[in-house]
Amino acid sequence: MKYLVYAALIILLVPFQAVLFNRVTIFGVHPDLVLIAVCLIGMQAGELDAIVIGLALGFTQDLFSGNAHWTNIWLKPLLGLMASLASHSVINLTFTFSLALLLALSIFSGTVIFFLKSFQSPGVDFFAAAQGILLPQACFDAVLGVTVLKLIQVAAPTRHQLPTSSYE
Amino acid sequence: MVGAKRAFVLLLAVLAAALLILPEASDGPLQTIGRGLVTMASHPLRALDSVNQGIDSIWSRYIALRYVGEENLSLRREIASLQEEASRLREKAAASDRLRELLNLKEELPYSTLAARVIARDPTNWYRSIVINKGQDDGITVDMGVMTPTGAVGRVVKVQRQLAVVLLLIDRNNAVTGLVQRTRDEGIVEGTEKGLAWIKYLPLLSNVKVGDIVITSGMAGGFPRGLPIGRITRIERREAELFLSAEIQPETDFGRLEEVLVITSPRETTNLPSLVPVPGHGLPSAKRLEEIR
């Protein structure tokens, strides 16, 4: 079942984002579904799954993108790995921690892409990019990611869920 | 006596009958008699009429509405169906217009092009690109120019077998050589983060003005000379810089791209004079091209 879900994600997620989900924008910015998927896989399933799926999804994303550097092929597995390592360092994967982690990883991803892009065409204002793309996208990623994570946790509880009396 | 009495009663009866038979004679006394009766009867009549009206109202508003409700639902469904059909037909008509325009342009252009449909947009927020439904199998290669009837759109940066990725002119990583049509000054056109374009490296003494049209120079890249890029909206002169820069409002609406032409061979037109875009129609017709020549 897990592999079926992974296969469906690899085949459908990027086309879904490129064709349909791009219409769902807030001030021209939309959440990065691949980033969310890879981070959630890292948080729920572990490092290996996150790296493999991140590699496949990042590669697919680069195929459909105007990105000339093939950034996502290595960035997405790295994000998955970071999400996995960070989530394994806490006893309970709480709402606040998940939100903060997704926010931080999205900001990290955006910053890396920005600097790689600005190597090719220098002179871009980082603060304008941060205000226009990076931070709004990070907020959308975090909110959507946490919502999906909670739904997953309700549908299929994992070892990260402890009673509410436990501490982080 | 009895006979006289009977005769008198009979006379009175005949007279009354005669009075009643005559219309003019009957109106007055009968109405006088009837008025009182009508006055008495009118009260229960009105009361009964009110009850009747109430029953009618209840019937028409509530009981008969059962059928009106069904009819209303049916009509609503019909309206929705007709609206959907109208929308579909409008969409078809719009697509037909766009394709006719594209086909006309394709026939008029003196260089070879290939029509393609936009099937997706960049899956990230960081690049401005589109995915088209033509690729390696159709003869598309990297660096080919892409245009619409309104002007240049971008260039192909990635090619798969059946699709290609086109980096739009408004992406910061895209650069094509541009020419200010009026002054003939050349520069490099790049995208901006705001979805506009900049022409850089214009000579410091250039006489460019706001409103000047920028076209492709045809010197490099996959574009022929003379494709409209946009109009200058702002000129920037920075101190201690050897060149001018100007902001360009692109002619093409990049948010609404649906069909495009990939320029498969731009080299046939390198000697063409620059073209003046016709407002609302994009490029001039073939006849006009001949006139220009």
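What comes next is a walk through the structure. (Residues numbered from 1 in each chain as written. Chains lettered and ligands numbered in written order. Predicted model: local features only at pLDDT ≥ 70, side-chain atom pairs only at ≥ 80, totals over all residues.)

**Overview of the overall build of chain A**
Within chain A, the secondary structure is distributed over six helices and zero strands. Along the chain direction, N to C, the helices and strands of chain A fall in the order α-α-α-α-α-α. In chain A, buried positions account for 39% of the 168 residues. Nonlocal contacts in chain A, meaning residues at least 24 apart in sequence, comprise 71% of its contacts between residues at least 6 apart. (Helix = DSSP H or I, 4+ residues; strand = E, 2+ residues; numbered from the N terminus. Buried ≥ 20, exposed ≤ 12 C-beta atoms within 10 Å, placed from the backbone. Contact = placed C-beta atoms within 7 Å.)

**Some details on the nonpolar core**
Membership of the largest hydrophobic core comes to 84 residues, with the highest contact counts inside it found for Ala37, Val38 and Cys39 of chain A together with Val166 and Val214 of chain B. Beyond its immediate chain neighbours, meaning those up to four positions away, Val38 of chain A contacts Ala50, Ile53, Gly54, Leu57, Lys76, Leu79 and Gly80 of chain A. (Core = buried A, V, L, I, M, F, W, Y, C linked by C-beta atoms within 7 Å.)

**Regarding the sheet that holds strand β7 (residues 186–191) of chain B**
Adjacent strands of a sheet form backbone hydrogen bonds with each other and so pair up, either parallel or antiparallel. All names here are of chain B. Strand order around the closed barrel formed by six strands is β6-β7-β8-β11-β10-β9, with antiparallel pairing between neighbours. The average angle at which neighbouring strand axes cross in this sheet is 40°, direction not considered. Across five bridges, strand β6 (residues 175–180) lies against β7 in antiparallel orientation. In the strand pairing of β7, Leu179 is matched with Glu186. (Pairing = 2+ DSSP bridges. Axes fitted to C-alpha atoms, helices over the stretch in contact; angles between N-to-C directions.)

**A word on the pairing of strand β4 (residues 151–159) of chain B**
Residue and element names in this part refer to chain B. Among the nine residues of β4, nine are classified as buried, and the element is accordingly described as predominantly covered. Here four bridges tie strand β3 (residues 145–148) to β4, and the two strands are oriented antiparallel to one another. Counted as the bridge partner of Val146 is Gly154 from β4. Taken together, β3 and the strand that follows it, β4, pair antiparallel across an intervening segment of two residues. In the sheet, β4 pairs with strand β5 (residues 164–168) via five bridges, with the strands oriented antiparallel. Paired with Gly154 across the two strands is Leu168, which belongs to β5.

**A closer look at the packing of helix α2 (residues 33–45) of chain A against helix α4 (residues 72–88) of chain A**
Residue and element names in this part refer to chain A. At their nearest, the axes of α2 and α4 sit 7 Å apart, and the two run at 40° to each other. As α2 runs across α4, the sense of the crossing is right-handed. Taken together, the residues of α4 that come into contact with α2 (itself represented by Val34, Leu35, Val38, Cys39, Ile41, Gly42 and Met43) are Lys76, Leu79, Gly80, Leu81, Ala83, Ser84 and Ser87. Within the contact of α2 with α4, the residues separate by chemical class into nine nonpolar, four polar and one charged. (Left-handed = near helix turned anticlockwise from the far one by under 90°. Nonpolar A, V, L, I, M, F, W, Y, C, P; charged D, E, K, R; others polar.)

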